[in-house]
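# Descriptive analysis of the structure
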Amino acid sequence: MVFIGLSLNLQNAFATDWFYFEVGASRGSVTVLDTEFNPVMPRAKMGVALYEGILLEVQYMGGGDDKVANTKMEIEEVSAAYLRLDTPFRGSMRLYVLLGSAETTLNIKGAGGTTAGSGTYKDFSWGVGIEDRVWSKYTLLTLEHTSYYNHDDVSIEATSLGFKLEF
Amino acid sequence: MCPLSRRINYLLLSSLLGLILSACGPSGDTKALKQNILQSKYNITSLAVRPVNTRTISPTTGDLYFDHNDSEQLQAIGINDSGAEFVLEDTTWGMTDVTATAGQTSISQDGLLKTETLAAANQTKTITLDLSFGTLTSSTTVVISSHTLTPPLAIKLNGTAAGASHNVTVCDTATLTTEGNFSDGSTRDVTSKIAWSSAITDSNGKISTSNPNQAIFSAHTNATYTITPNYKGQGTGTVDLVVGDTGFSNLKLDASSVSLDIDQTHILTATADINGSSTNVSTRARWVSADTTIFSVNSSGTITGVKRGGPINLTVQCGSATDTSSVTVEEDNIDYIEILNSDSIAITNLNLSVSSTTNLKAKLHRTDDTSEEITTDANTEWSVRDLTVGDEPVTVNNTDNKGLVTAVSSGSTEIVVKYKSKAEADIFVTVSP
């Protein structure tokens, strides 16, 4: 039922010429107990308008790792789906909020492969961002902070810079 | 967009939001993640299992021995390649029952081992405890034993086997541990299984078991204290501790007098020289209020005001040594204070000429309609409000002649009097040439 509704809505969104695609880079912050890793990784996201100022957005990023002491943490992938709420433009800028769900897969390796583990972590996810029109009406630069997981002494967050194309 | 389409959008939006939020509960095995991080961070290469309480047994077999029908808190220890040890949390515990009979022994993920009741005395049952942390695993053999104590218990005093009687300095401490011989021929430390609270009957002495692996004895009264530890009703041991003044001197309180309000508390500290060392004996000494209707004192020297009165003696005692402090309880029912002139008339303004002096007074009014002059009370503070640039035109004495005002120069200011920082009054002062 929901999927049928979504597809109807997508048609409606395309009818308003409101679809976007964004590529960028993220600096992750994965904190486990008191150890923080900061992997840098590429990120892509796309979205469609459900209604004016209300959008559906999906994100994907992965392939980043960081090493602290003798521990290597790799973010294999992060996938997330959001409802996105935009403010109207003030000048060339606007703010937005993301509310949704995210799933993160992490890998851990110790020195010399002494330890290894992986796990998938799913949680409520939120984000806030600001974007600025540059060059044309359809191109924007975005800066966003997103929380993907925060539970039981483990938090996964990222701050991202992106280049966005609106169609 | 038509109204119908808008309604459909809102409906879809609500459905989607509900769908997302319903799927947003956190999931994922953070325990394994944390284990891997800590294993790698501390270079942990092996694991060991230890009981929190001392469970030494001789002859040593390498296995852990526990009583049947009992519980024991276990610790997971991580050891790195340098031999350093770390107490691990968030470990994963498991258990394998290697005997044929169905086991009821269990271990929680917090490491609490509960042993089953064996069918008869002098039996053992072996299980294997499995511990995992990150990529490491270890197996530990645990022997559950229903072997019984062969009385009497052996008592150790300060680590040395105790005889029938030992001297202890009053308000000093003595550390007690116990060992028992069991029917399988082993000798086991059973200190953590003794009910020490019932091992001493004289209330002038006490036994503290904040550390279950040792009992700490102390007494504030000279006497012979018979200590009788009992191991699960299977047997006892006995030692007489003869408490006396030898080695004790110079008992002192940190204050010779204390003033406090009703319901206010104050902690006094008692120190003494015990066998040449200055020692805080506050929790070991005897504390006595000469009038418990005025103030009470607990066993560690905390006094509490009960009603207005005093000074009343507080006595601290260790054996034949005592020291005292006088305690005064004041009623905290201050209503207001006022400033009086030298004729004892309440004033709000004062006129002086340069170089003249006058004596002001302060009067405290209580809510029960009583009043008293507090001009020179230790809790009364006189001061001049800092209202002008440079020196104020008057000074007020707050030391040996409280309330004495001296006009220094022309001008005006305020004189303030405070009582216990709970009440304040002021007057306006004008000094003419």
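Basis of the calculations
Residues numbered from 1 in each chain as written. Chains lettered and ligands numbered in written order. Predicted model: local features only at pLDDT ≥ 70, side-chain atom pairs only at ≥ 80, totals over all residues. Heavy atoms only, no water. Phe/Tyr/Trp six-rings, centres within 6.5 Å; stacked < 30°, edge-to-face > 60°. Helix = DSSP H or I, 4+ residues; strand = E, 2+ residues; numbered from the N terminus. Buried < 20%, exposed > 50% of the residue type's maximum accessible area, 1.4 Å probe, protein only. Lys NZ or Arg CZ within 6 Å of the ring centre and 35° of its normal. Pairing = 2+ DSSP bridges. Axes fitted to C-alpha atoms, helices over the stretch in contact; angles between N-to-C directions. Core = buried A, V, L, I, M, F, W, Y, C linked by side-chain atoms within 4.5 Å. Domains from an automatic or database assignment. Contact = heavy atoms within 4.5 Å. Buried area = accessible area lost by both parts, 1.4 Å probe. Salt bridge = Lys/Arg side-chain N within 4 Å of Asp/Glu carboxyl O. Polar contact = N/O pair within 3.5 Å; in protein donor to acceptor, adjacent residues only side chain to side chain. Nonpolar A, V, L, I, M, F, W, Y, C, P; charged D, E, K, R; others polar.

## Section: the packing of aromatic side chains
Centre distance and the angle of the planes are the two values used to describe a pair of aromatic rings. Residue and element names in this part refer to chain B. Under the defined criterion, the tally for this structure stands at six aromatic pairs over all chains. For the ring pair F182 and Y231, a centre distance of 5.6 Å and an interplane angle of 85° mean the geometry is edge-to-face. One end of the pair, F182, is in strand β14 (residues 174-182); the other, Y231, is in strand β19 (residues 230-231), and 49 residues separate them in sequence. The exposure classification of F182 matches that of Y231, with both residues buried. The side chain of R188 reaches across the aromatic face of F182, ending 4.4 Å from its centre.

## Brief notes about the sheet that holds strand β30 (residues 309-318) of chain B
Residues and elements named next belong to chain B. Pairing within the open sheet is mixed, and its four strands lie in the order β23-β31-β30-β27. Looking at which strands have only one partner, the edges of the open sheet turn out to be β23 (257-261) and β27 (286-289). The sheet shows a mean angle of 25° between the axes of neighbouring strands, taken without regard to direction.

## Description of the sheet that holds strand β35 (residues 361-366) of chain B
All names here are of chain B. Spatially, three strands are ordered β32-β35-β36 in an open sheet, and the strand pairing comes out antiparallel. Strands at the two margins of the open sheet, each flanked by one partner only, are β32 (334-340) and β36 (371-373). Between one strand axis and the next, the sheet turns by 20° as a mean value, whatever way the strands run. In the sheet, β32 pairs with β35 via six bridges, with the strands oriented antiparallel. Each residue of the ladder has a partner; that of I337, found in β35, is L364.

## A word on the nonpolar core
All names here are of chain B. Core analysis: the largest hydrophobic core is formed by 48 residues, its most contacted members being L176, F217, I227, F248, L251 and V281. Here this core spans two domains, and each of domain 2 (149-244) and domain 3 (248-330) adds at least three residues to it. Once residues within four sequence positions are removed from consideration, F217 is found in contact with V168, D172, T173, A174, L176, I200, K206, I207, Y225, I227, L241 and V243.

## Notes on the domain arrangement of chain B
Residue and element names in this part refer to chain B. Examined at the domain level, chain B breaks down into domain 1 (30-145), domain 2 (149-244), domain 3 (248-330) and domain 4 (334-432). Just the C-alpha atoms count here: the centres of domain 1 and domain 2 sit 29 Å apart. Of the residues lining the interface, 15 residues belong to domain 1; the matching set on domain 2 comes to 13 residues. Note on domain 1 versus domain 2: buried area summed over both sides is about 1,100 Å², and carbon and sulfur give 30% of it. When residues of domain 1 are sorted by the area they lose upon contact with domain 2, N53, T54 and D67 head the list and together hold 35% of the total. Linking domain 1 to domain 2 there are five salt bridges. Counting across the domain 1 and domain 2 interface gives 11 residue pairs in polar contact (both at pLDDT 80 or more). Residues of the side of domain 1 that touches domain 2, tallied by class, amount to four nonpolar, seven polar and four charged.

## A word on the pairing of strand β7 (residues 93-109) of chain A
Residues and elements named next belong to chain A. In this structure, strand β6 (residues 71-86) lies alongside β7, joined through 14 bridges in antiparallel fashion. Across the sheet, I75 pairs through a bridge with L106, a residue of β7. Counted along the chain from β6 to the antiparallel partner β7, the turn is six residues long, and its residue G91 has a positive phi close to 70°.

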